[in-house]
2 protein chains.
Amino acid sequence: MPGNRQARSSGKTKTFERIASSIRDSILSGELGPGDRLPPETELARRFGVSRPTLREALKALEALDVLESFTGPSGGTFVSTPDSFGIADHLASSLVLLFGAEKVSLEELWVARETIEVRAGELAAGRRTERDLEAMLGVIEEDEGKDYASYFPDITFHRTIAEASHNRLLSLFMLAVHMTLASIARDYVIPDAKELSQRQHRLIYEAILLKDGALARRRIQEHLEMAYSVYQGAVRRRSRELAARG
Amino acid sequence: MPGNRQARSSGKTKTFERIASSIRDSILSGELGPGDRLPPETELARRFGVSRPTLREALKALEALDVLESFTGPSGGTFVSTPDSFGIADHLASSLVLLFGAEKVSLEELWVARETIEVRAGELAAGRRTERDLEAMLGVIEEDEGKDYASYFPDITFHRTIAEASHNRLLSLFMLAVHMTLASIARDYVIPDAKELSQRQHRLIYEAILLKDGALARRRIQEHLEMAYSVYQGAVRRRSRELAARG
DNA sequence: CCTCGGCAGTTTGTCTGACCAAAGATTATA
DNA sequence: TATAATCTTTGGTCAGACAAACTGCCGAGG
């Protein structure tokens, strides 16, 4: 019977894990930095005293974590990756989708977290936005108004410009991850069109940030997300009913 | 010259990546669920039409992502992992430490994100806390007062009880990740003792949550974190001066 | 002299086949 | 029946080889 995994993890460290940890530690300690090239696999295998397949299992594990990357050829080899916000957000989103699937996080929790982060990002944006930020936001607003979109998540682009304007790259990362998670979960939902209301609210949010009114930005983003949540939730409920009726 | 990695990613998909994606998709689509056992490696290799080492590279990549886990023995095999908040937060924290090291996120951004999440968690906690939550918080407060700690991050336990009391597992996850990141960055800093002030503020926060006063909880957590940030920042600056003087 | 094309070398990618180690299942034994 | 030795299944590791990708050199031709 599978499932009693906690009982099995009895301290044993597999060889490839030992090596992966070793390399990982070299990076954490600064001994290896982004862009650095590792020795060839045969050389590394020799140094660690293991075979090449085993060494490669360690390398592939670190590649999966976006810590290393490899290329063929003489100028190739294995390199330490440059950390990248988008990749981190992407991985995080994948994990959150799984967590959602296991019912260890609910749709409501996701939306509350989204609201928490976006509201604050908007407040910060009102205080820190540059002229360039405003241009970007307005550009997205006008582009969206011209589009005839069917999907629900096109307006995410606008929300991302808010995050950018907050000039907090960690809040941006969290926000991106939550957006990707919600988009992934809702992939095949039919989301009703709330285009016009949504776009009106986008302009109101833009206005608040333009005026540098943080409190107003908070309120308007909150209101906008409440609307969006009710629309999203409605689609989820409809979907559930459909599935219940069919099955 | 290494570093021109964007030019190299020319669409080629390596075999082990193809297989990892295939298995990953089976999980995302629900075809494979947590606890499910995969066929033996030789069988899997045969099905995918690859050799066992190549297959194993794919499996090890997914193990590194905490998506799969494997055990030896007749009852062993490769299993789909149960997603786990703590593991996700841990991975996220590792990535954030790297991101910080690459100067793609600053200490200030980390603290603003921490404040954003904790303030909101406290507000939510004030509205949703149960008797059990209150007991847990008080227990930690009293335990901390009895401890003679040297490290700066002992009071993180209290902050975690706030997150728990918010009953939002995603905010808890984010909070944990940010805490672990800050703790990892500050590992060898000498943090001055702000024990008594900190503990007084903890009691005030507890009181606000006890009274179900969300606005008050917000203000008090904000104040507490501002104090903590100034202490932390002072330690970082002192550390920088030391390093500058030495080098 | 310069340019272009192919050859050689380096490095990762993949394969074959085998043996080792761990741990539950079985069976022989007291 | 209880227990210990053995079996069997499964992942863990190893060795060596060849293929593919790519750079850099070098020679042929202009």
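(A) Geometry of the overall build of chain A. Assigned secondary structure in chain A consists of 11 helices and two strands. The order of α-helices and β-strands along chain A, N terminus first, is α-α-α-α-β-β-α-α-α-α-α-α-α. Computed over the C-alpha atoms, the radius of gyration of chain A is 23 Å, more than 25% above the 18 Å expected from 2.2 N^0.38 for a compact globule of 247 residues. Residues classed as buried in chain A amount to 50% of the 247 residues present. In chain A, the share of contacts with a sequence separation of at least 24, taken over all contacts with a separation of at least 6, comes to 72%. Carbon together with sulfur atoms contributes 51% to the accessible area of chain A, which is approximately 12,000 Å² in total.

(B) Representation of the protein's contact with DNA strand C in the model. Of all residues adjacent to DNA strand C, which total 27 residues, the nearest are A:Arg52, A:Arg56, A:Pro74, B:Thr15 and B:Thr54. Restricting the count to atoms of DNA strand C within 4 Å of the protein gives a sugar and phosphate share of 62%. In the model, a base nitrogen of DNA strand C is placed 2.8 Å from a nitrogen or oxygen of the A:Arg52 side chain. B:Thr54 places a side-chain nitrogen or oxygen 2.7 Å from a phosphate oxygen of DNA strand C. Partitioning the surface near DNA strand C into residue classes produces seven nonpolar, 12 polar and eight charged.

(C) Spotlight on the relation of the copies chain A and chain B. At an RMSD of 0.1 Å, chain A and chain B line up after a rotation of 180 degrees and a shift of 0.0 Å along the axis. Each copy turns onto its partner about a two-fold axis. Residue A:Ala61 of chain A places its C-alpha closer to the rotation axis than any other residue of that unit, at 2.1 Å.

(D) Just the interface of chain A and chain B, in detail. In this assembly, 59 residues from chain A lie in contact with 60 residues from chain B. With both chains or domains summed, chain A and chain B bury close to 5,300 Å², and 63% of this area falls on carbon and sulfur atoms. The interface formed by chain A and chain B includes eight salt bridges. Between B:Glu108 and A:Arg128 there is a salt bridge, with its nearest N and O atoms 3.6 Å apart. Taken together, the connections running from chain A to chain B amount to 16 residue pairs in polar contact (both at pLDDT 80 or more). Looking at the side of chain A that touches chain B, the elements that each hand over two or more residues are helix H1 (5-8), helix H2 (15-28), helix H4 (52-64), strand E1 (68-71), helix H5 (85-101), helix H6 (107-128) and helix H9 (169-185) of chain A. At 11 residues, H6(A) tops the list of elements feeding residues into the side of chain A that touches chain B. Split into classes, the residues belonging to the side of chain A that touches chain B amount to 29 nonpolar, 12 polar and 18 charged.

Cut-off values and rules
Residues numbered from 1 in each chain as written. Chains lettered and ligands numbered in written order. Predicted model: local features only at pLDDT ≥ 70, side-chain atom pairs only at ≥ 80, totals over all residues. Heavy atoms only, no water. Helix = DSSP H or I, 4+ residues; strand = E, 2+ residues; numbered from the N terminus. Rg over C-alpha atoms; globule rule 2.2 N^0.38 Å. Buried < 20%, exposed > 50% of the residue type's maximum accessible area, 1.4 Å probe, protein only. Contact = heavy atoms within 4.5 Å. Areas by Shrake-Rupley, 256 points an atom, 1.4 Å probe, with all protein chains shown as cover. Near = heavy atom within 4 Å. Polar contact = N/O pair within 3.5 Å; in protein donor to acceptor, adjacent residues only side chain to side chain. Nonpolar A, V, L, I, M, F, W, Y, C, P; charged D, E, K, R; others polar. Least-squares fit on C-alpha atoms with pLDDT ≥ 70 in both. Buried area = accessible area lost by both parts, 1.4 Å probe. Salt bridge = Lys/Arg side-chain N within 4 Å of Asp/Glu carboxyl O.

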